[in-house]
There are 4 protein chains.
Amino acid sequence: MNSSPLKTAVVGATGYTGLEIVKSLLDHPGVELTSLTAKVDETVGIHRIFPELSGRLELECSNLDVDDVCRKADLVFLALPHTVSMLFAPRFLQAGKKVIDLSADYRFPAAADFEKVYGAEHRDPAGVEEAVYGLPELFREEIAPARLLANPGCYPTAAVLAAYPALKAGLADPGEVIVDAKTGVTGAGRKASLAFLFPEVNENFKAYGLAVHKHTPEMESVLSRASGRKVRLEFAPHLLPVNRGILSTVYLRLEKPAGEDEVFELYREAYAGEPFVRVYPPGRLPELKDAVGTNNCLLGFKVNPRTRNLIVVSAIDNLLKGAAGQAVQNMNIMQGFPETSGL
Amino acid sequence: MNSSPLKTAVVGATGYTGLEIVKSLLDHPGVELTSLTAKVDETVGIHRIFPELSGRLELECSNLDVDDVCRKADLVFLALPHTVSMLFAPRFLQAGKKVIDLSADYRFPAAADFEKVYGAEHRDPAGVEEAVYGLPELFREEIAPARLLANPGCYPTAAVLAAYPALKAGLADPGEVIVDAKTGVTGAGRKASLAFLFPEVNENFKAYGLAVHKHTPEMESVLSRASGRKVRLEFAPHLLPVNRGILSTVYLRLEKPAGEDEVFELYREAYAGEPFVRVYPPGRLPELKDAVGTNNCLLGFKVNPRTRNLIVVSAIDNLLKGAAGQAVQNMNIMQGFPETSGL
Amino acid sequence: MNSSPLKTAVVGATGYTGLEIVKSLLDHPGVELTSLTAKVDETVGIHRIFPELSGRLELECSNLDVDDVCRKADLVFLALPHTVSMLFAPRFLQAGKKVIDLSADYRFPAAADFEKVYGAEHRDPAGVEEAVYGLPELFREEIAPARLLANPGCYPTAAVLAAYPALKAGLADPGEVIVDAKTGVTGAGRKASLAFLFPEVNENFKAYGLAVHKHTPEMESVLSRASGRKVRLEFAPHLLPVNRGILSTVYLRLEKPAGEDEVFELYREAYAGEPFVRVYPPGRLPELKDAVGTNNCLLGFKVNPRTRNLIVVSAIDNLLKGAAGQAVQNMNIMQGFPETSGL
Amino acid sequence: MNSSPLKTAVVGATGYTGLEIVKSLLDHPGVELTSLTAKVDETVGIHRIFPELSGRLELECSNLDVDDVCRKADLVFLALPHTVSMLFAPRFLQAGKKVIDLSADYRFPAAADFEKVYGAEHRDPAGVEEAVYGLPELFREEIAPARLLANPGCYPTAAVLAAYPALKAGLADPGEVIVDAKTGVTGAGRKASLAFLFPEVNENFKAYGLAVHKHTPEMESVLSRASGRKVRLEFAPHLLPVNRGILSTVYLRLEKPAGEDEVFELYREAYAGEPFVRVYPPGRLPELKDAVGTNNCLLGFKVNPRTRNLIVVSAIDNLLKGAAGQAVQNMNIMQGFPETSGL
């Protein structure tokens, strides 16, 4: 660890993800938080927006001024909407800063992929080429030297970690993957909206984005690349009446019979030494609440010999392993900090 | 009941209260629902906004056109924001229609009272003079012949019914009433807002509007008038993480010792024959869920001889007895329908 | 409708399902509720157990006395646990009563099927032979003359109605059906239990019973019989932190390409004239809250041409269409009442 | 801090409070957790009961064996039911251990007080005489040398900290205090129970224990002792549909006029230097969620000059400042650790 702490900034600090980054950095022994920005009417103490920070952090949050952030910080977290990050990331890189971007802007291998999925012109194709996809369990070695890191989507994190070992090992058919995922409401962000009012979500549950959700190509792209097989999957997201967490039920078609002990061994080995993946033994399944509040991805599974399906259940906290926690984990790898610092 | 059904309109049909009026009217044998209006981008089937109405109601909802409503309906429910109702109520009255207004615009005895509390000029002082306050348990005889009815606020309904018998009987000190009230989130209406997003309300609870909530003078005004004594009360509203319902805990200071049997007798007698008030015997208290979905006001109480307090707990559904249900009850009284029709 | 009302009893009246049967019967113009029984410490007014019934029903609930029930009622709802119904149903039938059983005891074609799935000896094999499976949309003609009716399981109702048209029409592969279902907590019944305490369920979500849930063979049996094809399905139930409702996401593999208009037409026709099934047009999906509080089964779907999956989403209220409401619907058919009476 | 860590045991580790003690101790640099006991069917890894501890703690939980605990630990947390702690505390004290008891058994000044309130004979009157009441903000100096510490009740912690400064300063009438408190469901403990099933609590809210709740005399006793005035208060607890937290609305009658700045100064000074009390400035009130997950007591207030009431709102996490967190805070004081260690 460096003797003087790393100076960090959070751009987009007033969202749910921004808050979680702030809280992790406050607990991090190797980091100093020096700058917070967001779209605000006027500069305001961050503890006024998030009273739970009262007494823990006295920093003010102001509108983004790239030069000012560059003066104050050496690593910048961008917690901005899609298509906005690409406008600012290059400027921070040019100033010699490291960037961890939590939007989708740099998650695809090429700008054209992004443009096809998000229907918007990419303004920083060179950045796309340079960026590293920050799922440590699959790409840790590429992450360490990265200057521009693309933090994975919340759903892809939960789904990819669940499906990867079986696909990689040739155990499951890469053409018949179904991901039935359920997310808490913070996944929709912190912005005024009729659809996410309490009485609209509470005592309710629904599917949305069937067949068209933009995380589908991200999952397919990452799983194909990591498993070396062309993966085609059906992704069906649902909205849960809880604040936090994603639980994904992933249906994999076994290409050959496999026992639960064999699957357990496969998954345990795939994630051996991983500080944030827990594989449950046969007979136990993770619940959402066991992942919430942690940076863990919990994995459990069931083999149904009658249908020849392998069902993998994964649980993460969408704001931590699905966003802010994974971003800090990536920072730790990029900086040579202990990977669990602040988490 | 009239041989041909009463034609009714709901102005402001896309809010939570509007929906409940619609549902009550659909169940009402003496009424036909002929017109729905709201601020909408374009005319749309009401079942598209509220899918639960699919198959039950084919009516369209369009922007308000007073003349059109007047052609179609003989009684109009105004489920509009405060200070908006006063702009339209006179026009419906002039056209010979009856009006049941669910805003605060006509709840005070004089326009000056409204102006003091709501900080806005009243545009229909004559209407204020004519309007009848629609709390049937206290003012049924005035309601029957009314043309313009002011439907009570949700909090005042719950608090007034809880405190009235003890104040009227001289049992409790009118100068020391405390109403600690807790409401479900639909009480805030159906509009996009950061404060009422699911993650802001869920797993949370808070007080708001202490000492300044606008329902305080409404409660004091109604209780003073009904009890014949000058009532001064402290009203403290709180926001519950539930969709519906108000539970109020009302602290009354006994002016003389009283046993629970005596209080029970007093309350039972005060509400004898009331179709929508239930007084629980000593030893039992109403819970919120027992009132939700009904037009009932449930009342229970405890006498604490040590502190000389009488604590009355009242529970209502804020959208029914606290708004739409009471509005339909008032319509029934005004039209000579059985008081429980549609409820 | 008969001139004198049908006398009915509810055996097992203190559970969530029992309460809903009681409420439906109270609203039913052709029925009189004459007897309530349950395991109780002492005979007690049902409104003491369910205060929401206060003022609506004065009936007492006592321990089951078959002779007493037979004296009072002509049709008996059995809301009893599995393996208990079979002990009492024959006695009511012998006394000339009609029986609507809400347990699993009579849902299979033969006693041996039940014994295999539930691991218990069946004590009334003759009853199993006689019993009719009460899913009106598929078996209405058999229901009308039934004396002993087996009310379907909550999950099977939601899943079968979602999958049936596509399987029957040969559109989907009967060997590759996946039902990812999510239920509210009342599905677990009303009994003291650590696992269903509020803090264990709230802000949580989990899968359970993967590959082994007892509703799987019920679904396969009914779908196979109704579609004329051997159906094999994967059923994965999950527990939602809501009181009521089941939303099922059903994945069907298309055997030939199909457009959404074609699927819509197929489903609309399959359920034409059904009072309690609503098929949503392409582009809209049902949400849980739109079904809760009704006896409806709402169906929506999405075709994914890329994966060749047809995804059908169905929503029901687990206590109504999934239990009590469907039981009353069956009673209506058996008695010649209008099918929607009381619902 | 001692060079070798303090060895600690948690007796009653499988409840919600026990879990929170365990989690705090795991984060505590000066402490080693060496023994966990509870009523269990068989010895079991604690992570099997609380999967969120997986990978963090490998300790087993077995039935209580006092001698075994004495061999392993030097300080014992008793998270046991009332009237059970008193059976074991003396044995640990006799073995030279320090005891922090989270039950009510040692909270009163004399055994007779306990017996009057709890209706059970006290089996350890000497312990009652010795025990120190562990509310650090009021009694820190007595806590430091204590061997037997009585951890305060959750409700008393929230209420006493809210009312104490105004009563101590003679600002408020000690004879007219009203505490309207609302708690999350974990306050009821983790035991199978019909009343705390999810569907009974969710979408519900209720008052309970009016005039008779056993925390009333605890509040009065502590406030009277700390303020030097005889306090008589009305305490009305309510059950919130949330997992954690207590929000109390405390009504105090001003004995003389006071402005909000004056009250703010009074409270700020009363809690100057306190690491876990935050006083909000006039115009802001604490919300439940800002306290949950922390050991803080948040205080805000409103003066109503019209009614001459001072309304103080306090928010705590019932499992932390209301139980486990305060217990660890007390341990820190007793051991000379930094007061915020592990918290």
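What you see is a predicted model; the values in this text were computed from it and never measured. (Residues numbered from 1 in each chain as written. Chains lettered and ligands numbered in written order. Predicted model: local features only at pLDDT ≥ 70, side-chain atom pairs only at ≥ 80, totals over all residues. Heavy atoms only, no water.)

### Digging into the overall build of chain A
Our working definition: A run of H or I in DSSP becomes a helix once it reaches four residues, and a run of E becomes a strand once it reaches two; helices and strands are each numbered from the N terminus. The atom set for the radius of gyration is the C-alpha atoms, and the globule formula is 2.2 Å times the number of residues raised to the power 0.38. To sort residues, take the accessible area from a 1.4 Å probe on protein chains only and compare it with the maximum for the residue type: under 20% means buried, over 50% means exposed, and anything in between is partly exposed. Whether two residues touch is decided by their heavy atoms; if any such pair falls within 4.5 Å, the residues are in contact. Shrake-Rupley sampling with a 1.4 Å probe provides the accessible areas, and residues are treated as covered by the protein chains on show and by no other component. The sign given to each residue is positive for Lys and Arg and negative for Asp and Glu; His and the chain ends receive no count. A single reference atom marks each charge: NZ on Lys, CZ on Arg, CG on Asp, CD on Glu.
Along chain A, the regular secondary structure elements total 13 helices and 15 strands. Computed over its C-alpha atoms, the radius of gyration of chain A comes to 20 Å, within 12% of the 20 Å expected for a compact globule of 343 residues. In terms of principal-axis extent, the alpha carbons of chain A reach across some 60 × 45 × 40 Å. The buried share among the 343 residues of chain A stands at 65%. A sequence separation of at least 24 residues applies to 69% of the contacts in chain A between residues at least 6 apart. Just so you have it, chain A exposes about 11700 Å², and 48% of that area is on carbon and sulfur atoms. Distance from the positive charge centre (36 side chains) to the negative charge centre (42 side chains) of chain A: 2 Å.

### Side note on the packing of aromatic side chains
Defined as follows: Here the aromatic set is Phe, Tyr and Trp, taking the six-membered ring for Trp, and pairing holds for ring centres within 6.5 Å; pairs whose planes are under 30 degrees apart are stacked, those over 60 apart are edge-to-face, and all others are tilted. Placement of a charge over a ring requires the Lys NZ or Arg CZ to be within 6 Å of the ring centre, with the centre-to-atom vector within 35 degrees of the ring normal.
Taken as a whole and judged by the stated rule, the model has 22 aromatic pairs over all chains. When the ring of Phe198(A) is compared with that of Phe198(B), the centres are 5.4 Å apart and the planes differ by 10°; the resulting orientation is stacked. Placement of the pair is Phe198(A) in helix H9 (residues 198-201) and Phe198(B) in helix H9 (residues 198-201), with the two residues belonging to separate chains. Owing to a relative accessible area of 0%, Phe198(A) belongs among the buried residues under this scheme. Relative to Phe301(D), the ring of Tyr267(D) has its centre 6.4 Å away and its plane inclined at 20°; by these criteria the two rings are stacked. With Tyr267(D) in helix H11 (residues 260-270) and Phe301(D) in strand S14 (residues 297-304), this pair connects stretches of sequence that are 34 residues apart. For the pair formed by Tyr267(D) and Phe301(D), the shared burial category is buried. What links up through ring pairs into an aromatic cluster is the set Phe108(A), Phe114(A) and Tyr118(A). Positioned above the aromatic ring of Tyr118(C), the side-chain terminus of Lys214(C) is 5.8 Å from the ring centre.

### Topic: the packing of helix H8 (residues 154-168) of chain D against helix H10 (residues 215-227) of chain D
For any two helices packed against each other, the geometry is given by the interaxial angle and the distance between the axes. All names here are of chain D. We count it as follows: Lines are fitted to the C-alpha atoms to define the axes, a helix being fitted only along its stretch in contact, and any angle between axes, read from their N-to-C directions, falls within 0 to 180 degrees. Crossing chirality is assigned from the near helix's rotation relative to the far helix, an anticlockwise turn below a right angle marking it left-handed and a clockwise turn marking it right-handed. Side-chain classes follow a simple rule in which Ala, Val, Leu, Ile, Met, Phe, Trp, Tyr, Cys and Pro form the nonpolar group, Asp, Glu, Lys and Arg form the charged group, and the remainder, Gly included, forms the polar group.
Running from N to C, H8 and H10 cross one another at 30°; their axes reach a closest spacing of 9 Å. Between H8 and H10 the crossing geometry is right-handed. Packed against H8, whose contacting residues are Cys154, Tyr155, Pro156, Ala159, Val160, Ala163, Tyr164, Leu167 and Lys168, the element H10 presents His215, Glu218, Met219, Val222, Leu223, Ala226 and Ser227 at the interface. Tallied by class, the residues present in the contact of H8 with H10 amount to 12 nonpolar, 2 polar and 2 charged.

### Comments concerning the interface of chain C and chain A
To keep things clear, this is the line we draw: Accessible area that two parts lose when put together, with a 1.4 Å probe and added across both, is what the buried area reports. Salt bridges are defined as contacts in which a side-chain nitrogen from Lys or Arg sits within 4 Å of a carboxyl oxygen from Asp or Glu. We call two N or O atoms a polar contact when they sit within 3.5 Å, provided that within protein one can donate a hydrogen and the other can accept it, with sequence-adjacent residues counted only if both atoms are side-chain atoms.
Contact residues are listed per partner, giving 39 residues for chain C and 39 residues for chain A. Approximately 3700 Å² of surface area, both sides summed, lies buried where chain C meets chain A, with 55% of it carried by carbon and sulfur atoms. Run the count over chain C and chain A and you get 8 salt bridges. Of the charged contacts in the structure, one is a salt bridge between Glu176(C) and Arg253(A), with a shortest N-O distance of 3.3 Å. Where chain C touches chain A, the interface holds 32 residue pairs in polar contact (both at pLDDT 80 or more). Listed by contribution, the elements that provide at least two residues to the side of chain C that touches chain A are strand S9 (177-183), strand S10 (206-207), helix H10 (215-227), strand S11 (233-239), strand S12 (246-253), helix H12 (288-291), strand S14 (297-304) and strand S15 (309-316) of chain C.

### Structural notes on the relation of the copies chain C and chain D
Heads up, the condition is: When the copies are superposed, the least-squares fit draws on C-alpha atoms of residues that have pLDDT of at least 70 in both.
Rotating chain C by 180° about the axis while translating it 0.0 Å along that axis superimposes it on chain D, leaving an RMSD of 0.0 Å. Such values leave the two copies arranged in the relation of a two-fold axis.

### Remarks on the sheet that holds S9(C)
Residues and elements named next belong to chain C. Applicable threshold: When DSSP finds at least two bridges between two strands, those strands are taken to pair.
The sheet built from 7 strands is open, its strands ordered S10-S11-S9-S12-S15-S14-S13 with mixed pairing. At either end of the open sheet lies a strand with only one pairing partner, and these are S10 and strand S13 (277-279). In the sheet, S10 pairs with S11 via 2 bridges, with the strands oriented antiparallel. Its bridge partner lying in S11, lysine 206 is registered against leucine 239. Sheet strands touched by helix H8 (residues 154-168): S9, S11, S12, S14 and S15. Its angle to S12, the strand with the most contacts, is close to 30°.

### A closer look at the pattern of salt bridges
The tally for this structure, following the rule as stated, stands at 98 salt bridges over all chains. Notably, a salt bridge pairs Glu287(A) with Lys206(C), separated by 3.6 Å at the nearest N-O pair. Of the two residues, Glu287(A) is situated in the loop between strand S13 (277-279) and helix H12 (288-291) and Lys206(C) in strand S10; the pairing between them involves two chains. By relative accessible area, which is 17% here, Glu287(A) ends up buried. Notably, a salt bridge pairs Lys23(D) with Glu20(D), separated by 3.6 Å at the nearest N-O pair. Pair noted here: Lys23(D) and Glu20(D) are both in helix H1 (residues 16-26), with a separation of 3 residues, about one helical turn. Of the two residues, Lys23(D) and Glu20(D), neither departs from the other in class, the shared state being buried.

### A short note on the relation of the copies chain C and chain A
Mapping chain C onto chain A calls for a rotation angle of 180° and an axial translation of 0.0 Å; the resulting RMSD is 0.0 Å. Comparing interface residues between copies, 100% of those in chain C also lie at the interface in chain A; the contact surface is shared.

### Description of the pairing of S9(C)
Residue and element names in this part refer to chain C. With 7 of 7 residues buried, S9 lies mostly within the body of the structure. Neither face of S9 is exposed, since Val177, Val179, Ala181 and Thr183 on one face and Ile178, Asp180 and Lys182 on the opposite face are all buried. Where S9 lies against S12, 6 bridges are found, and the strand directions are antiparallel. Bridge pairing links aspartate 180 to threonine 249 in S12.

### As for a positive patch on the surface
Rules: Nonpolar side chains (Val, Leu, Ile, Met, Phe, Trp, Tyr) within 5 Å and like charges within 9 Å form the patches, drawn only from residues with over 30% relative accessible area and no salt bridge.
Positive charge collects at one region of the surface, where Lys116(A), Lys230(A), Arg232(A) and Arg308(C) lie side by side. You can see Arg232(A) is positioned in the loop between helix H10 (215-227) and strand S11 (233-239). The exposure class assigned to Arg232(A) is partly exposed, which follows from its relative accessible area of 33%.

### Describing the environment of Gln335(C)
Positionally, Gln335(C) belongs in helix H13 (residues 324-335). As for Gln335(C) and Lys98(C), which are separated by 237 residues in sequence, their C-alpha atoms are 10.0 Å apart.

### Let's talk about the domain arrangement of chain A
All names here are of chain A. Basically, it comes down to this: Per the annotation, domain bounds derive from an automatic or database assignment of domains.
Domain parsing of chain A yields domain 1 (6-151 + 323-335) and domain 2 (155-316). Computed from C-alpha atoms alone, the centre-to-centre distance between domain 1 and domain 2 is 25 Å. Of the roughly 1900 Å² buried where domain 1 meets domain 2, counting both sides, 58% is carbon and sulfur surface. Joining domain 1 to domain 2, the criterion identifies 4 salt bridges. In this structure, glutamate 20 and arginine 244 form a salt bridge, with 3.0 Å as the shortest nitrogen-oxygen distance. Between domain 1 and domain 2 we count 9 residue pairs in polar contact (both at pLDDT 80 or more) in total.

### Observations concerning the interface of chain C and chain D
Counting from both sides, the interface comprises 20 residues of chain C and, opposite them, 20 residues of chain D. Both sides of the chain C and chain D interface together cover about 1700 Å² of buried area, and 62% of this is carbon and sulfur. Counting across the interface, chain C meets chain D through 2 salt bridges. Where Arg190(D) meets Glu200(C), a salt bridge forms, and the shortest distance between an N and an O atom there is 3.2 Å. Inspection of the region where chain C meets chain D yields 8 residue pairs in polar contact (both at pLDDT 80 or more). Here the side of chain C that touches chain D is built from residues that sort into 11 nonpolar, 5 polar and 4 charged.

### What to know about the sheet that holds strand S3 (residues 44-45) of chain C
Through backbone hydrogen bonds, the strands of a sheet pair up, either in parallel or in antiparallel fashion. Residues and elements named next belong to chain C. Ordered by their spatial adjacency, 8 strands build an open sheet running S3-S4-S2-S1-S5-S6-S8-S7, and the pairing between neighbours is mixed. At either end of the open sheet lies a strand with only one pairing partner, and these are S3 and strand S7 (132-133). Alignment of strand S2 (residues 31-37) against strand S4 (residues 60-62), held across 2 bridges, turns out to be parallel. Bridging from a neighbouring strand, leucine 36 pairs with cysteine 61 of S4. In this fold helix H1 (residues 16-26) packs onto strand S1 (6-11), S2 and strand S5 (75-78), with an angle of close to 165° to the strand it touches most, S1.

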